[in-house]
There are 2 protein chains.
Amino acid sequence: MTNLYKLPLLLERMDEQFKVNPYDVRGTVDYDRLIAQFGVEKISSDLLKRIKKHTKNLHQMLRRRIFFAHRDLSWILDEYEKGNKFFLYTGRAPSGQMHIGHALPMLFTQWLQKVFDVDLWVQFPDEEKFLFKQELSYESTQRYLQDNIIDVIALGFNPKKTHILIDTQHAGLMYKEACKVAKKLTFSMVKSSFGFNEQTNVGSLFYTSMQAVPAFLPSVISKKEIPCLIPHAIDQDPHFRLTRDILPKLGHYKPASIQCSFLPPLQGTEGKMSSSTEETAILLIDTPELVKKKINKYAFSGGKDTLEEHRKLGGIPDIDVSFQYLKYLFEPDDKKLAKIEADYRSGKLLSGELKAYTIGKINAFLKEHQARREKAREDVEKFVYKE
Amino acid sequence: MTNLYKLPLLLERMDEQFKVNPYDVRGTVDYDRLIAQFGVEKISSDLLKRIKKHTKNLHQMLRRRIFFAHRDLSWILDEYEKGNKFFLYTGRAPSGQMHIGHALPMLFTQWLQKVFDVDLWVQFPDEEKFLFKQELSYESTQRYLQDNIIDVIALGFNPKKTHILIDTQHAGLMYKEACKVAKKLTFSMVKSSFGFNEQTNVGSLFYTSMQAVPAFLPSVISKKEIPCLIPHAIDQDPHFRLTRDILPKLGHYKPASIQCSFLPPLQGTEGKMSSSTEETAILLIDTPELVKKKINKYAFSGGKDTLEEHRKLGGIPDIDVSFQYLKYLFEPDDKKLAKIEADYRSGKLLSGELKAYTIGKINAFLKEHQARREKAREDVEKFVYKE
């Protein structure tokens, strides 16, 4: 059981050569070093107990430390306990189809919304990837935008309490607030935070100001300061670190945040999933056959090369991508997961069997998701924020 | 008469130490050197004849070479002659009350709109000065914005063909187009064009992308390329030079432009008028008494120190601010202006008399303007662009 409560597998394969920022994730990420480097705080057992007091149960991503770090989460709970409810803010930058790695923080956010019964603002920065990817056209971004909105809605957010902001469409509301942030941000600050240089385009330099806006826009709209909690993958932290520095200068609260590690790509533990490479990611629109093919063909296995060896020595769940997918997302039952882990480690469970179980779990999730997707198409208007 | 057709007075007092960009105008501007430096073209007599073919008369600011340079104006006429009408684009960045120097290019634009019967887009970049002036609050900019819009409308534009764009309010339309420009603009490019450095804020770095938008937005809206002509004071040229480089890469025409020199500030020929310093500028809301005081007290005189000396040696109209105001703006009649010039040069006309004449002219203009201002308050809605 202990192993389940450790940080994700990646610590096992430490590497000096990793790099994490919103525009570049490389190497095998050492999350403990990242905690020190970014200055976030590890989520303690005491903090988990405090959350549990309000939520009755803890989400598997908290129990398993998939969400492993935070900034000011205790303050969010202080305010909540005083009756000052927070709102949630998360986002998705369209540049391709969404994959199960994108769903990870969204599903956790959906749980937070439900258990705390709070408002959620979802930003779709439809200019971001267009600005950062030379080859991506504005028109492609817009196609993916529509599709990504449908995926996000299908993940099950409360339509009465969820507000979608689309940067280019809501710029009439957001640009002026972004300018207030931008006035406090110099080239030199964004250069060091994001690894920019003199050849970086001015849209990319400005962009982080737009990403800051949803952290205080609800306060501007309601003319009353509301605490903000941002669940996000750890690579986005440089944006919110800057946001936290600047917002108090504009008379707003510092937003709190809670960070998750990356769902490993199919081929193993380096970098992030990418929608544009079939071998790395399972998309939310993949068919059951394609999922089966991808897991069987590409999912890195922690099993041994031969049946005999595996039976004798056992597999290594910590580096087995199928096992990790169960742990991160698809097997919420701790007892079942512990049994799978033990059986795999002992050699009782074979790689093929583990893969088959994982394929079944993923396909069950995707079947439901894809059905909800069809309904979500009609719900878009309910979710998009109207002034 | 010859003197009248020369470049404005400033050439007479050449200075190595001048600097002209949208964010800094210093020293005595040498317009001939500026033409070479910026790469604009001097307006030739042939070009004036060609304009006159369409306009019957030439505006005093063309006859007197107040508007002295251009880019691609011949192309605008080529297209016009083929039946492909251009639109005009000019702007005003609110940061204070408007003065008569601001009215100068606006009045010329108003004439162009009338004689060519074309659409005009007026941009109010209400974020620009907020971003560039450390001490200017967003709220102050917004107060001046309302007031400046009223001044601009009062200058007499055609309500059916004039469309006001306010950056923060029209960002829903403009921001996405600005991002397309921004993707083609690097830090290094804006740094050298505007004299920025690593401490410049990212809003300022991005801003020129917003100023580029009205040069092609009407084409985007009408889904058909329309030539654009931008009348502007020469200090804005760095913005439009970048715009001209980028627009063809986005499938749009290069905008054409026509440049005017600066109306001299009250104290003489260095720099530009500034609304924030009483001694430098006559505001469009000044009372007749205040105008009288400002001209009498601050307007630099080209006259001699004593009456006797003046009668004997005469004054120098080229450095006399009152005379220059007549030439730039308030005495459209060339014959009258030539007589004033000759009489002043000969010593027949005294400084006090020239000042009194100028005060009368300015106050007559302001009286009408201020009356139109009252009516303009009710017309704002007619002018602000609606999608």
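Residues numbered from 1 in each chain as written. Chains lettered and ligands numbered in written order. Predicted model: local features only at pLDDT ≥ 70, side-chain atom pairs only at ≥ 80, totals over all residues. Heavy atoms only, no water.

Q: Which parts of the structure should I look at to understand the overall build of chain A?
A: A count of helices and strands for chain A gives 17 helices and nine strands. For chain A, the C-alpha radius of gyration of 21 Å lies close to 21 Å, the compact-globule estimate for 387 residues. Taken along its principal axes, the extent of the C-alpha atoms in chain A is 65 × 45 × 45 Å. Relative to its 387 residues, chain A shows a buried fraction of 63%. Taking the contacts inside chain A whose residues are at least 6 apart along the sequence as the reference set, 77% of them involve residues at least 24 apart. Computing the positive centroid from 58 side-chain charges and the negative centroid from 50, chain A places the two 4 Å apart. (Helix = DSSP H or I, 4+ residues; strand = E, 2+ residues; numbered from the N terminus. Rg over C-alpha atoms; globule rule 2.2 N^0.38 Å. Buried < 20%, exposed > 50% of the residue type's maximum accessible area, 1.4 Å probe, protein only. Contact = heavy atoms within 4.5 Å. Lys, Arg positive; Asp, Glu negative; His and termini not counted. Charge placed at Lys NZ, Arg CZ, Asp CG, Glu CD.)

Q: What should I look at first to understand the sheet that holds strand β3 (residues 41–42) of chain B in this one?
A: What holds strands together in a sheet is hydrogen bonding between their backbones, with the strands either parallel or antiparallel. All names here are of chain B. A sheet is described by the order of its strands in space; here seven strands give the open sequence β3-β4-β9-β8-β5-β6-β7, paired in mixed fashion. In the strand order of this sheet, the two ends are held by β3 and β7 (162–166), each with one partner. Pairing geometry for strand β5 (residues 87–91) and strand β6 (residues 120–124), over four bridges, is parallel. Each residue of the ladder has a partner; that of glycine 91, found in β6, is glutamine 123. On top of the sheet, helix α4 (residues 73–81) reaches β4 (67–71), β8 (228–233) and β9 (256–260); it is set at about 130 degrees to β9, its chief contact. (Pairing = 2+ DSSP bridges. Axes fitted to C-alpha atoms, helices over the stretch in contact; angles between N-to-C directions.)

Q: Can you walk me through the environment of phenylalanine 262 of chain A in this structure?
A: Residue and element names in this part refer to chain A. Along the chain, phenylalanine 262 falls in the loop between β9 (256–260) and α13 (288–298). In this structure phenylalanine 262 comes out as buried when scored by relative accessible area, which is 6%. For the pair phenylalanine 262 and aspartate 235, spaced 27 residues apart in sequence, the C-alpha separation works out to 8.7 Å. Ignoring anything within four residues of it in the chain, the contact list for phenylalanine 262 reads Val20, Val25, Val29, Tyr31, Ala233, Ile234, Asp235, Lys272 and Tyr328.

Q: Looking at this structure, how should I read the sheet that holds strand β5 (residues 87–91) of chain A?
A: Residues and elements named next belong to chain A. As summarised here, the arrangement of the seven strands in space is β3-β4-β9-β8-β5-β6-β7, forming an open sheet in which the pairing is mixed. Here the strands that pair on one side only, and so sit at the sheet edges, are β3 (41–42) and β7 (162–166). In this structure, β3 lies alongside strand β4 (residues 67–71), joined through two bridges in antiparallel fashion. Looking at β4, one finds that lysine 42 is bridged to alanine 69. Each of β4, β8 (228–233) and β9 is contacted by helix α4 (residues 73–81), which is oriented at about 130 degrees to β9, the strand it contacts most.

Q: Just to check I follow, could you spell out the relation of the copies chain B and chain A for this structure?
A: The relation between the two chain copies is a rotation about an axis coupled with a shift along that axis. Of the transformation superimposing chain B on chain A, the axial component is 0.0 Å and the angular component is 180 degrees, with the fit at an RMSD of 0.0 Å. Given the turn and translation reported, the copies of this chain are related as if by a two-fold rotation axis. Closest approach to the rotation axis within chain B is made by the C-alpha atom of glycine 172 of chain B, at a distance of 2.2 Å. Looking at chain B, 100% of its interface residues are interface residues in chain A too, so the copies touch through the same face. (Least-squares fit on C-alpha atoms with pLDDT ≥ 70 in both.)

Q: Sorry, what's going on with the pattern of salt bridges here?
A: Residue and element names in this part refer to chain A. Per the counting criterion, the structure on display carries 56 salt bridges over all chains. Note that glutamate 81 is salt-bridged to lysine 53, the shortest N-O span being 3.8 Å. With glutamate 81 in helix α4 and lysine 53 in helix α2 (residues 45–55), this residue pair connects regions lying 28 residues apart in the sequence. Owing to a relative accessible area of 37%, glutamate 81 belongs among the partly exposed residues under this scheme. The exposure class of lysine 53 is exposed, given its relative accessible area of 58%. Bridged by salt links that share partners, the residues Arg50, Lys53, Asp78 and Glu81 form one connected network. (Salt bridge = Lys/Arg side-chain N within 4 Å of Asp/Glu carboxyl O.)

Q: Help me understand the pairing of β7 of chain A in this model?
A: Every regular strand shows the same layout, with side chains that alternate between the two sheet faces. All names here are of chain A. Burial analysis of β7 places five of its five residues in the buried class, the great majority of the element. By the alternation rule, side chains of β7 split into Thr162, Ile164 and Ile166 and His163 and Leu165, which are all buried. Direction of pairing for strand β6 (residues 120–124) relative to β7: parallel, over a ladder of five bridges. Bridging across to β7, valine 122 finds its partner in isoleucine 164.

Q: How do you make sense of the packing of α2 of chain A against helix α5 (residues 100–116) of chain A when you look at a structure like this?
A: Helix-helix packing is characterised by the crossing angle of the two axes and by the distance between the axes. Residues and elements named next belong to chain A. Two elements in contact, α2 and α5, have axes whose closest approach is 9 Å; the angle formed by their N-to-C orientations is 55 degrees. Viewed along their axes, α2 and α5 adopt a mutual orientation that is oblique. In this structure, α2 uses Ile51, His54 and Thr55 to contact α5, whose residues at the interface are Trp111, Val115 and Phe116. Taken together, the residues that form the contact of α2 with α5 break down as four nonpolar, two polar and no charged. (Parallel < 35°, antiparallel > 145°, perpendicular 65-115°, else oblique. Nonpolar A, V, L, I, M, F, W, Y, C, P; charged D, E, K, R; others polar.)

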